[in-house]
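Notes for the structure review
The lines below spell out each chain.
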Amino acid sequence: MRANLSMWTNGKSTGVFLKTLTLLQHRSMWTEWRARAGVRKFMSSSCRFMSSSCRFMSSSCRFMSSSCRFMSSSCRFMSSSWGPSSCPPWRLLFFGTDQFAVESLKVLSSSRNSGEGLVETLEVVTFSPDVPVSRFAQQNCLTLHHWPPDHVEGEFDVGVVVSFGCLLPERLINKFPYGILNVHPSLLPRWRGPAPIFHTILNGDEVTGVTVIQILPSRFDTGPILNQERHHIPQCCTADELGAALATKGAHLLIDTLRTLPEKIASKREQGQMGATFAPKINPPMSWLVWEEQTCEDVARLYRAIGTRIPLKTLWMGRTIKLLDFVGKCCVSDQRKTPIPGSVCFVKESGTLAICCKDGWVGFRTVLLKRRLTAADFYNGYLHHTFKKNTPDGAAEGYFVSTTGGTKNLQKRENTTL
């Protein structure tokens, strides 16, 4: 009986022990689970906190961005409502057409894109989509207006005109608080007009420059001077070379003017009439040579001024000949004692066609008759046989004739010389 009780007691103790052990295991597992759950909860809370922080920072950035836009809009509103801006950045409307104008537009566009605070907005006015300024505007995504522009008032601070070729009316000028600036390639008041560069070369000027003025209604190139810079002309410089140099210099002078525009306007000076000259458009009649009146230097200047655009011309046997590839003054040992203006000879050593001017000989390497001919081809095909003739008609074939008087005048001059 006692043995059985002992066995029962031992068995009961063992069962209690096993239950206790199982309970402890469950509690341990529960504690571990709670610990893990706590970690997960902590991590979840942390993530939610970080997410909230990110959303807060994002909202703050949006708020700051909105504030900046609001401040910018408010400044622009104040500027529009209470008057023009008194300092950069400027809202600009650019008027231009040709390659000379493109240089200024290019510098203004670069300034706007750089964010240096000089140009805020830049829009363009031109006549045709086929001109260089229009093409540049399209390539650089600038707003393009066709002449005359609409909706200008209150949209811009200042206008800029470069090689536009159209007189702007007073009602348009008055819509710009700071007026309209013009970049002109001369030292005004010298060479007012549409072709200052050509006349600078044609006249033999040694110094020129660029001028920034405020334009006035009714008259070209007479406005007050805001800025001016001199430029020394290299020897034998052509109109194309001078135009490229002045375009670059004018563009930088424009930027310099815009940096302190109110001060420049306050210290502007009026143009006087002393030294004023006019530079009309070049035209085809200017290219006719008058051998009796023009010196070698005159011919050289004329060629450097207009020769690349309008070929120099003369008459031969009643036909127009265009003279190309000018080589300048040349030395000729002519057999005639006193060559008369218009005399022609071929210089074989240099392959040059030489023509006698008022004070010497000038040479060309190419002529255009029915087709383009070298000097040698023209001599061999047309002139060579004329030098063997002694008749008056044969003599006339050996000369280039000016348009003033024609062959009759040549015969008269030849008789006087003999």
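Now for the overall build of the protein. Counting its regular elements, the protein contains eleven helices and 13 strands. Looking at the 418 residues of the protein, the share that counts as buried comes to 40%. Sequence separation of at least 24 residues holds for 65% of the intrachain contacts in the protein that already meet a minimum separation of 6. Accessible surface, the protein as shown: approximately 24,000 Å² in total, 58% of it carbon and sulfur.

Ordered in space as E3-E2-E1-E4-E5-E6-E7, the seven strands form an open sheet in which the pairing is mixed. The sheet is open, and its two edges are formed by strand E3 (143-146) and strand E7 (225-232), each paired on a single side. Along the sheet, successive strands turn relative to each other by an average axial angle of 20°, direction set aside. Taken together, the four bridges between strand E2 (residues 119-126) and E3 define a ladder with parallel strand orientation. Across the sheet, residue Val 124 finds its bridge partner in E3, namely Leu 144.

Moving on, we come to the packing of aromatic side chains. The final tally for this structure, using the stated rule, is 15 aromatic pairs. Here the aromatic cluster, defined as three or more aromatic residues joined through ring pairs, consists of Phe 95, Phe 127, Trp 147, Phe 156, Phe 164 and Phe 176. When the ring centre of Trp 288 is taken as reference, the NZ or CZ atom of Lys 313 above it lies at 5.4 Å.

On to helix H5 (residues 196-203). By the criterion of burial, H5 is predominantly enclosed, with six of the eight residues buried. Buried-residue contacts for H5 involve helix H2 (99-114), strand E5 (180-184), strand E6 (207-214), helix H6 (239-259) and helix H8 (296-306). Downstream of H5 by a residue or two, Gly 204 has a phi angle that is positive, lying close to 80°.

Note that Arg 309 resides in the loop between H8 and strand E8 (312-316). Among the residues examined, Arg 309 registers a relative accessible area of 53% and is labelled exposed. Along the backbone, Arg 309 and Asp 240 are 69 residues apart, and their C-alpha atoms lie at a distance of 9.6 Å. Leave out the neighbours within four places in its chain, and Arg 309 touches Phe 198, Asp 240 and Ile 282.

Attention shifts here to helix H3 (residues 132-139). It helps to recall that an α-helix has 3.6 residues per turn; residues three or four apart then point in one direction. Of the residues making up H3, those classed as buried are Val 133, Ser 134, Phe 136 and Ala 137. Along the axis of H3, the buried positions cluster into a sector of 160°, meaning they face one direction only. Looking at the buried residues of H3, the elements they touch are strand E1 (90-96), H2, E2 and E3. Just beyond H3, the residue with positive phi is Cys 141, at close to 55°.

Turning our eyes to something else, we now look at the packing of H2 against H6. Two quantities define a packed helix pair, namely the angle between the axes and the distance from one axis to the other. Across the interface, H2 lies against H6 with an axial gap of 8 Å and an inter-helix angle of 40°. By crossing handedness, the relation of H2 to H6 is classed as right-handed. In this structure, H2 contributes Phe 100, Glu 103, Ser 104, Val 107, Leu 108 and Ser 111 to the contact, and H6 contributes Gly 243, Leu 246, Ala 247, Thr 248, Gly 250, Ala 251, Leu 254, Ile 255 and Leu 258. For the contact of H2 with H6, the residue count by class is nine nonpolar, five polar and one charged.

To continue, consider the side chain of Ser 134. Note on placement: Ser 134 falls in helix H3. Those residues in contact with Ser 134, other than ones at most four positions away along the chain, are Thr 126, Ser 128, Pro 129 and Leu 144.

The subject of this paragraph is the layout of surface pockets. Roughly 1,000 Å³ of volume is contained in the largest pocket. Lining the largest pocket we find 38 residues, and of these Asp 98, Ser 163, Phe 164, Pro 194 and Pro 196 sit closest to its centre. When residues of the lining of the largest pocket are traced back to their parent elements, those giving at least two are H2, E5, H5 and H6. The leading source of residues in the lining of the largest pocket is H6, at five residues. Partitioned by chemical class, the residues of the lining of the largest pocket number 21 nonpolar, ten polar and seven charged.

So, about the nonpolar core. Counting residues in each nonpolar core, the largest one holds 69 residues, and the members touching the most others are Leu 258, Phe 378 and Phe 400. Per-element tally for this core: the top contributor is H6, with eight residues. Discounting residues that sit within four places of it in the chain, Phe 378 has contacts with Trp 316, Ile 321, Leu 353, Val 367, Leu 369, Leu 373, Leu 383 and Phe 400. If you look at the next biggest cluster of nonpolar residues, it comprises 13 residues, including Leu 93, Phe 156, Phe 176 and Ile 180.

Attention now goes to the confidence of the model for the protein. Put simply, the protein has an average pLDDT of 80, and 72% of its residues get 70 or more. For residues 390-396, every residue scores under 50 in pLDDT, and the model assigns this stretch seven contacts once sequence neighbours within four places are set aside. Across residues 405-418, where pLDDT falls below 50, the model places 19 contacts with residues more than four positions away in sequence or in other chains.

Our focus in this paragraph is the pattern of salt bridges. Applying the stated criterion across every chain, the model contains ten salt bridges. Its salt-bridge partner being Asp 205, residue Arg 190 comes within 3.0 Å of it at the nearest N-O pair. Highlighted residues: Arg 190 in the loop between E5 and H5 and Asp 205 in the loop between H5 and E6, separated in sequence by 15 residues. The class of Arg 190 is partly exposed, set by a relative accessible area of 28%. Accessibility expressed as a relative area gives 13% for Asp 205, which makes it buried. For Asp 240, the salt bridge identified is with Arg 309, shortest N-O distance 3.4 Å. Within this pair, whereas Asp 240 is found in helix H6, its partner Arg 309 is found in the loop between H8 and E8, the two being separated by 69 residues in sequence. What makes Asp 240 partly exposed here is its relative accessible area of 35%.

Analysis parameters
- Residues numbered from 1 in each chain as written.
- Predicted model: local features only at pLDDT ≥ 70, side-chain atom pairs only at ≥ 80, totals over all residues.
- Heavy atoms only, no water.
- Helix = DSSP H or I, 4+ residues; strand = E, 2+ residues; numbered from the N terminus.
- Buried < 20%, exposed > 50% of the residue type's maximum accessible area, 1.4 Å probe, protein only.
- Contact = heavy atoms within 4.5 Å.
- Areas by Shrake-Rupley, 256 points an atom, 1.4 Å probe, with all protein chains shown as cover.
- Pairing = 2+ DSSP bridges.
- Axes fitted to C-alpha atoms, helices over the stretch in contact; angles between N-to-C directions.
- Phe/Tyr/Trp six-rings, centres within 6.5 Å; stacked < 30°, edge-to-face > 60°.
- Lys NZ or Arg CZ within 6 Å of the ring centre and 35° of its normal.
- Arc of directions from axis to C-beta.
- Left-handed = near helix turned anticlockwise from the far one by under 90°.
- Nonpolar A, V, L, I, M, F, W, Y, C, P; charged D, E, K, R; others polar.
- 1 Å grid on protein atoms, 1.4 Å probe; cavity = no way out; pocket = protein on both sides within 12 Å on 5 of 7 lines; lining within 4 Å.
- Points joined across faces, edges and corners; volume = space filled by probe spheres on them.
- Core = buried A, V, L, I, M, F, W, Y, C linked by side-chain atoms within 4.5 Å.
- pLDDT = per-residue confidence, 0-100.
- Salt bridge = Lys/Arg side-chain N within 4 Å of Asp/Glu carboxyl O.

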